[in-house]
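Analysis of the macromolecular model
Residues per chain are reported as follows:
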Amino acid sequence: MFGLGTKNIGIDLGTANTIVYVDGKGIVLREPSVVAKNTKSGEIVSVGEDARAMIGRTPASIVAIRPMKDGVIADYDTTVAMMKYFIEKTVGRSGGKPYVMVCVPSGVTEVEKRAVIDATRVAGARDAYVIEEPFAAAIGAGLPVMDPTGSMVVDMGGGTTDVATISLGGIVSSRSIRVAGDKLDDAIATYVRTNFNLLIGERTAEKLKMDIGSASVAEAEKIKGATIRGRDLVTGLPKAVEVSAVDVAKAIQEPVQSVITAIKETLEETSPEIAADVIDHGIVLTGGGALLKNLSEVIADATKVPVSIANDPLDCVATGTGESLKSIDVMKKK
């Protein structure tokens, strides 16, 4: 326990990972958004890193759940238990109730926002506020969000990709699509099943994406392949196969194109002045998806706009959520 008293905290409540930022301390916690639960008693067995290690390896009575799906709460009670664990781990059980800022995808409904606020209060917050993910990402990436200058950010997380143009402290145009890291993993697992008759788990698919995944099929030819293990669909026995980087690149082409389409549609909705600013300053990529090899080049080629990757792309949303705590007094008056 960190014993931080009643410091305000910012939470990047992601589909894949949860990152906690404490005012004055920076990022203090980073764990997978996974909860292991006993199906018979309903008891929470473990949360975060320990629970993630159980995915695909639990006995029948224990199930590892990801309570967030596509950036929103899919299992309310489990989300509350998970947030309670993260808040207590951050401020300590006797640390008082903090004000909490939580980020949500830009396309969420008022009902989904309310669910996040309610869950955070029940989990131990004195009060909770929400900030839209691309806006938090832009703050965390150091973009001049309060200036009369157009900035464009693409935040590709686990459940959603949020695209937004921002100017004068607000979102001008945005798109939130439920195509992100998880969909890339699903596409890889489906491709391996179809082309190699091999059943692999989500962790194996994710490792393939991270190790040899590329957004460009042409560039993938320069990347060495990898050996993966799974279950043979014909014999039912364990089997190892060699998968090339080109195979992985082909597998993820459809979700990558969906992201590019969302970026183009957002650009088409912006005013000529903001479009001109975006051409000058470029598009900034944040989130875990920004680490996909050759993604920035593929987007730049499709949009004819320069694309850069933010420093620490995985932490931009959490840092921006934390930075926005400085204006929490404004939020309290809303």
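Keep in mind it's a predicted model, so treat the numbers as computed, not measured.

A few words now on the sheet that holds strand β15 (residues 226-232). The strand order across the open sheet formed by three strands is β14-β15-β16, and the pairing between neighbours is antiparallel. At either end of the open sheet lies a strand with only one pairing partner, and these are β14 (198-199) and β16 (238-243). As judged from the six bridges shared by β15 and β16, these two strands associate in the antiparallel manner. Looking across to β16, one finds that A226 is bridged to V243. Packing against the sheet, helix α6 (residues 202-212) makes contact with β15 and β16, and its axis sits at approximately 165° to β15.

Counted according to the given criterion, the structure contains zero disulfides. With no disulfide of its own, C103 lies closest to C316 among cysteine sulfurs, the gap being 12 Å. With relative accessibility at 3%, the residue C103 sits in the buried group. Look at C316 and you get buried, because its relative accessible area is 1%.

Bringing the packing of helix α9 (residues 253-269) against helix α11 (residues 295-303) into the picture now. Following both chains from N to C, one finds α9 and α11 inclined at 45°, their axes separated by 10 Å at the closest point. In terms of orientation, α9 and α11 fall into the oblique class. With respect to the hand of their crossing, α9 and α11 are arranged in right-handed fashion. For the pair formed by α9 and α11, the contact residues are V256, I260, I263, K264 and L267 on the first element and L295, V298, I299, A302 and T303 on the second. For the contact of α9 with α11, the residue count by class is eight nonpolar, one polar and one charged.

Let us now look at the nonpolar core. Counting residues in hydrophobic clusters, the biggest one holds 47 residues, and the most contacted among them are V256 and I263. Residue assignment places this core across two domains, with domain 2 (143-179 + 252-311) and domain 3 (181-245) each supplying three or more. Sequence-distant contacts of V256, that is, excluding residues within four places in its chain, are made with L184, A215, L292, L295 and V298. Judged by nonpolar contacts, the second largest core, of 28 residues, contains V22, V35, V47 and V72.

Each assigned domain of the protein chain is listed here: domain 1 (8-33 + 69-135 + 317-332), domain 2 (143-179 + 252-311) and domain 3 (181-245). Measuring from the centre of the C-alpha atoms in domain 1 to the corresponding centre in domain 2 gives 24 Å. Each partner contributes residues to the interface: domain 1 has 14 residues there, and domain 2 has 16 residues. Regarding the contact of domain 1 and domain 2, the summed buried area is about 1,100 Å², with carbon and sulfur atoms giving 60% of it. The largest share of the area that domain 1 buries against domain 2 comes from D70, P134 and F135, three residues that together contribute 52% of it. The interface formed by domain 1 and domain 2 includes one salt bridge. One can count two residue pairs in polar contact (both at pLDDT 80 or more) joining domain 1 with domain 2. Examining the composition of the side of domain 1 that touches domain 2, we find that three residues originate from one element, helix α4 (residues 133-140), more than from any other. Considering only residue class, the side of domain 1 that touches domain 2 consists of six nonpolar, four polar and four charged.

Quick look at the packing of aromatic side chains now. The tally for this structure, following the rule as stated, stands at two aromatic pairs. Seen in terms of ring centroids, Y85 and F86 are 5.5 Å apart; in terms of plane orientation they differ by 65°. Their pairing is edge-to-face.

Residue L168 is not a glycine yet carries a positive backbone phi of 50°. Position of L168 relative to the elements: it lies in the loop between β12 (161-167) and β13 (170-177). Within the chain, K304 stands out as a residue other than glycine whose phi angle is a positive 60°. Considering the arrangement of structural elements, one finds K304 in the loop between α11 and β18 (307-309). You can call K304 exposed: its relative accessible area is 64%.

About the thresholds
Residues numbered from 1 in each chain as written. Predicted model: local features only at pLDDT ≥ 70, side-chain atom pairs only at ≥ 80, totals over all residues. Heavy atoms only, no water. Pairing = 2+ DSSP bridges. Helix = DSSP H or I, 4+ residues; strand = E, 2+ residues; numbered from the N terminus. Contact = heavy atoms within 4.5 Å. Axes fitted to C-alpha atoms, helices over the stretch in contact; angles between N-to-C directions. Disulfide = S-S within 2.5 Å. Buried < 20%, exposed > 50% of the residue type's maximum accessible area, 1.4 Å probe, protein only. Parallel < 35°, antiparallel > 145°, perpendicular 65-115°, else oblique. Left-handed = near helix turned anticlockwise from the far one by under 90°. Nonpolar A, V, L, I, M, F, W, Y, C, P; charged D, E, K, R; others polar. Core = buried A, V, L, I, M, F, W, Y, C linked by side-chain atoms within 4.5 Å. Domains from an automatic or database assignment. Buried area = accessible area lost by both parts, 1.4 Å probe. Salt bridge = Lys/Arg side-chain N within 4 Å of Asp/Glu carboxyl O. Polar contact = N/O pair within 3.5 Å; in protein donor to acceptor, adjacent residues only side chain to side chain. Phe/Tyr/Trp six-rings, centres within 6.5 Å; stacked < 30°, edge-to-face > 60°.

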